[in-house]
Amino acid sequence: MKIVVAGTRGFPHIQGGVETHCEQLYPRLVERGCEVTVIRRSCYVSDQLDEYQGVQLKNVFAPRKKMFEAIVHTFLAVIEAKKMKADVLHIHAIGPALMVPFARMLGLKVVLTHHGPDYERQKWGRGARWFLRLGERFGVQCSNELIVISEVINEIVRKKYKRNNAHLIFNGVETPVHSENVQYIESLGLRKGNYILSVGRFVPEKGFDLLVEAYSRLENGEIRLVLAGDADHETDYSVRLKKTAEANGVALTGFITGEKLNEIFSHARLFVLPSSHEGLPIVLLEAMSHRLDVLVSDIPANKAVALPESSYFKSGDSQDLSEKLRKKLEKQGTVVQYDMSSYNWDVIASQVLEVYRKTRKVIDHK
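Source: prediction; values computed, not measured.

About the criteria used
- Residues numbered from 1 in each chain as written.
- Predicted model: local features only at pLDDT ≥ 70, side-chain atom pairs only at ≥ 80, totals over all residues.
- Heavy atoms only, no water.
- Helix = DSSP H or I, 4+ residues; strand = E, 2+ residues; numbered from the N terminus.
- Axes fitted to C-alpha atoms, helices over the stretch in contact; angles between N-to-C directions.
- Parallel < 35°, antiparallel > 145°, perpendicular 65-115°, else oblique.
- Left-handed = near helix turned anticlockwise from the far one by under 90°.
- Contact = heavy atoms within 4.5 Å.
- Nonpolar A, V, L, I, M, F, W, Y, C, P; charged D, E, K, R; others polar.
- Pairing = 2+ DSSP bridges.

S.K.: Go over the environment of Gln351 with me, naming the residues and quoting the values.
M.R.: Checked against the element boundaries, Gln351 lands in helix α13 (residues 345-361). Sequence separation of Gln351 and Val182 is 169 residues, and the distance between their C-alpha atoms is 38 Å.

Okay, here's the thing in structure tokens:
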């Protein structure tokens, strides 16, 4: 079965939740007999790869402008998918989903994965949010098969669009191998078990400014805060965040992957996710797989993970976050055993393959 993938920036080593999702999913689908080509956005590609773990990589032009990047690239990716005679075109996220009707018009069978209501992200203006809502509508109503990554999103598509046949397939996480190395964290001036970790892109909805504000109230100067990530597009927000973070003694790693990221997860005291918007956050699942104590905002996507109530703080409330941080840090190196059985990538790959098989057999959804 020939699968063409659009909507992601690409992989390997490209920042983003959708990108991590795709990097884990598609090599497993190759192992299950699929011929997979991922269309990467040229403006993010810094390697010369044309293949990764059996997945074919094709670089297609994308303008490095956040308003037009996804839509221009997906339009070109749909044309490539048609040329390649794809059995299934799999589009990720509701921005690129604006091109689902175009793909259907060309005769392609389309699977859409809805990763979350991106129009709720603070970085978007009114016009961009309108297009994202339109993309959600087009994608949900016109795709042959629809995948949602959380029950929260499933409820959105049921209530807004009366689509009751979406496939609920969670994000996943690999079981990590605990790193014994400390060279990288020591190069940042960190010690094992003596820092708070947060990971993600430097955009307003991730709430890193709120976390820095809450951290600045702590009286325990022994504990460091680490922000691992960066901005895709440098903005006033990301520049201001970095300056404020540095002024408060926060360690900034930039975008890291592989052993560096594994090492920094392995030795953290506490993981914090202060987002105001998420789909099903892979970074939270990664922290849980490392058996870290976690503290996250009480938004629906995080509540769906069903953590203990003590692991939630009021979204947007820096005072509550600061108080909950203080309580968490009173514990000495808490190790937490979570049930991760719902987030197994091998199971997820098999579930997605079944969706592809169904897509090939149907003309349209009911």
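S.K.: Please give an account of the packing of helix α7 (residues 208-216) against helix α12 (residues 318-329) that cites residues and values.
M.R.: Taken N-terminus to C-terminus, the directions of α7 and α12 make an angle of 55 degrees; their axes are 8 Å apart at the nearest point. Considered as vectors, α7 and α12 are oriented oblique to each other. Viewed along their axes, α7 and α12 form a crossing whose handedness is right-handed. Along the contact surface, α7 presents Leu210, Leu211, Glu213, Ala214 and Tyr215, while α12 presents Ser318, Leu321, Ser322 and Leu325. A breakdown of the residues in the contact of α7 with α12 according to their chemical character gives six nonpolar, two polar and one charged.

S.K.: Go over the sheet that holds strand β11 (residues 251-254), please, and point to the residues and values.
M.R.: Pairing is parallel across the open sheet formed by six strands, whose spatial order is β11-β10-β9-β12-β13-β14. This sheet does not close on itself; its edge strands, each paired only once, are β11 and β14 (312-313). Pairing geometry for strand β9 (residues 195-199) and strand β12 (residues 270-273), over two bridges, is parallel. Residue pairing across strands places Leu197 opposite Phe271, the latter belonging to β12. The strands touched by helix α10 (residues 282-289) within the sheet are β9, β12 and β13 (294-297), with β12 carrying the most contacts at an inclination of about 165 degrees.

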